[in-house]
Each structure stands twice: as structure tokens, then as C-alpha cells.
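Results of the structural survey
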Amino acid sequence: MKIKVCTWNLHAGLDPDFKPKFQESVALLKNIKPDLIGLQECTKGKHSWSQDFGFMGEILSKELNMNFFWCPTISNTFGNLALVRKDIEIVKAVDVQLPWKPIRSLSHAVKRILSFKVPLNEKRHAILMYLNLNGFKFKFINTHLGLSKDERIKQSKKLLEICLSDGLPTLLVGDFNEPISGEAVKILLDRGLNEISRVYPELNLYTFPSNKPTVKIDHIFFTNHFKLVNFEVISSNSSDHLP
């Protein structure tokens with residue numbers, strides 16, 4: 001059997017210039033028809049630096065005919081979404097809080113302000129789903145890691161523990177805020193997880209920023225139960241990341 005997986009940071013439905021493009025993102029997802037989708041920076045109603053698109057989870061669930069699980073992070077209106085094809089059974093879905101770093105210095109606060117991130121201290125979570133597709137039992141994890149290296153290393157260690165805890169086939173997707181050469185990502189790779197850019201290191205798989213991508217910080221990891229048969233980084237201007 002084949003499973004098509006997508007990860008995408010939706011940037012709260014805004015393009016790189018902060019113009020509303022959520023409907024374009026919905027149309028793109030409908031066109032590529034993934035079986036599993038991990039989305040970051042989604043909204044539920046009005047969020048401080050975005051517009052009120054409604055609840056993205058309910059809208060995408062209806063438009064894509066998929067079940068969803070919502071995980072708020074920095075507020076009740078901002079967080080991560082996982083969507084699953086309806087014939088894939090969701091056995092269990094869990095919101096896992098990852099280690100995070102509150103504001104501890106003026107420089108950290110300034111960095112958050114200059115990147116338009118509100119609030120200054122951003123909690124990080126992962127959605128952990130136990131799935132069953134015609135008897136094939138596996139885990140699907142969607143996450144968004146922190147801005148500091150120390151944070152990401154701690155968060156990767158926690159994610160690795162979750163991935164390897166029970167021996168189940170596992171897919172881990174999300175915005176990791178660092179390239180494949182980063183220390184947090186290496187923690188995952190060195191302990192047996194694979195990633196698409198490691199399978200094809202010679203190819204340009206950059207995902208950020210979407211208007212002129214120069215780095216790949218959005219990743220799809222998988223255990224050796226899976227074999228990569230195809231992949232694509234899709235051009236889009238409806239977010240600051242590429243799916």
C-alpha cells in the first residue's frame with residue numbers, strides 16, 4: 001500500500017507579505033490529495049497577527065473530506081493540525097507538550113519581537129496519532145520546533161523517545177526550524193530515522209522562504225518500515241513555507 005504524506009507551515013493563512021491566502025492553500029491541498037497532512041501555524045478564529053478565517057480544522061476537514069485533530073500551542077486560537085484520510089482509523093490521538101524555553105534574556109525578547117512572534121514565549125507541542133490502515137498499525141507525528149538550538153535539541157530528544165518507544169512504524173513531519181545538517185535533526189537521523197533529503201541529497205528540496213527558498217527546514221522522517229517512492233516540493237505563494 002502507498003501513503004501520501006504532506007507537511008506544511010500555513011503561516012496562519014498569510015503569504016510572505018502577510019496578505020490573506022488561506023483559500024489558495026485549501027485549493028492546493030485539495031489538488032494534491034494527501035492521505036496524511038501535518039500543518040503548523042494554523043488558526044481557530046481570530047489570532048493576534050492574522051485574520052479570522054474561521055476554524056481551519058473544520059474548514060479543511062470539510063473541504064478535503066478528512067478527519068482532523070487540533071493542538072493549540074501559544075494560544076487557544078493558534079496551533080498545529082493533523083488531518084487523516086477517513087478510511088484510516090484514528091485509534092488514538094494525543095497532544096504532547098515538548099520542552100520549551102521561556103524568555104530569559106533581552107536579546108531573546110528582541111529576536112521574538114523582530115520576527116513578529118506573539119507572545120514572546122512560545123510553547124511547542126506535537127500531535128501523536130496511532131493509526132490503522134487495513135490492519136497496518138503505525139504512528140503519525142506532527143510538530144513545530146522552537147527557535148533556539150538548545151530548545152530544538154531537547155525537543156528532538158523527546159520526539160525520538162516517542163518515535164522509538166514501541167517499535168511501531170512511524171512518520172514524523174513538521175517545521176523543525178533547522179536544516180538537515182542541524183544538531184537537533186542529526187539526533188533523529190543518528191538513531192535510525194530517515195528523511196527524504198537524506199535519500200536524495202543531491203536534489204534541491206528547499207522549502208523556506210517560499211518566494212525565494214534557500215533552506216529546507218520542513219522535514220518528513222520515517223522509520224525503515226517505509227520506503228520512499230516519490231516526493232515533491234510544491235511551488236506556492238500562499239504561505240512563507242513550501243509544502
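Everything numeric here is computed off the predicted structure, so don't read it as measured data. (Residues numbered from 1 in each chain as written. Predicted model: local features only at pLDDT ≥ 70, side-chain atom pairs only at ≥ 80, totals over all residues. Heavy atoms only, no water.)

Time to look at the layout of surface pockets. The space that makes up the largest pocket amounts to roughly 920 Å³. Looking at the largest pocket, it is lined by 31 residues, and the ones nearest its centre are I3, K4, V5, L228 and N230. Of all the elements in the fold, those that place two or more residues in the lining of the largest pocket are β1 (5-9) and β10 (218-222). Broken down by element, the lining of the largest pocket gets its largest block of residues, four residues, from β10. (1 Å grid on protein atoms, 1.4 Å probe; cavity = no way out; pocket = protein on both sides within 12 Å on 5 of 7 lines; lining within 4 Å. Points joined across faces, edges and corners; volume = space filled by probe spheres on them. Helix = DSSP H or I, 4+ residues; strand = E, 2+ residues; numbered from the N terminus.)

Strand order in this open sheet of six strands is β5-β6-β7-β8-β10-β9, and the pairing throughout is mixed. Looking at which strands have only one partner, the edges of the open sheet turn out to be β5 (89-97) and β9 (194-195). By the bridge criterion, eight bridges tie β5 to strand β6 (residues 125-133) in an arrangement that is antiparallel. Within the sheet, the bridge partner assigned to E89 lies in β6 and is N132. Strand contacts of helix α4 (residues 149-164): β5, β6, β7 (136-144) and β8 (170-175), with the helix running at about 170° to β7, the strand carrying the most contacts. Against the sheet, helix α5 (residues 183-190) makes contact with β8, β9 and β10, and its axis sits at roughly 15° relative to β10, the strand it touches most. (Pairing = 2+ DSSP bridges. Contact = heavy atoms within 4.5 Å. Axes fitted to C-alpha atoms, helices over the stretch in contact; angles between N-to-C directions.)

Time to look at the side chain of S50. Tracing the sequence through the fold places S50 in the loop between β2 (36-43) and α2 (56-64). A relative accessible area of 7% means that S50 is categorised as buried. Polar side-chain contacts of S50 include one of 2.7 Å to the backbone oxygen of A12. Residues within four places of S50 in sequence aside, it is in contact with A12 and L14. (Buried < 20%, exposed > 50% of the residue type's maximum accessible area, 1.4 Å probe, protein only. Polar contact = N/O pair within 3.5 Å; in protein donor to acceptor, adjacent residues only side chain to side chain.)

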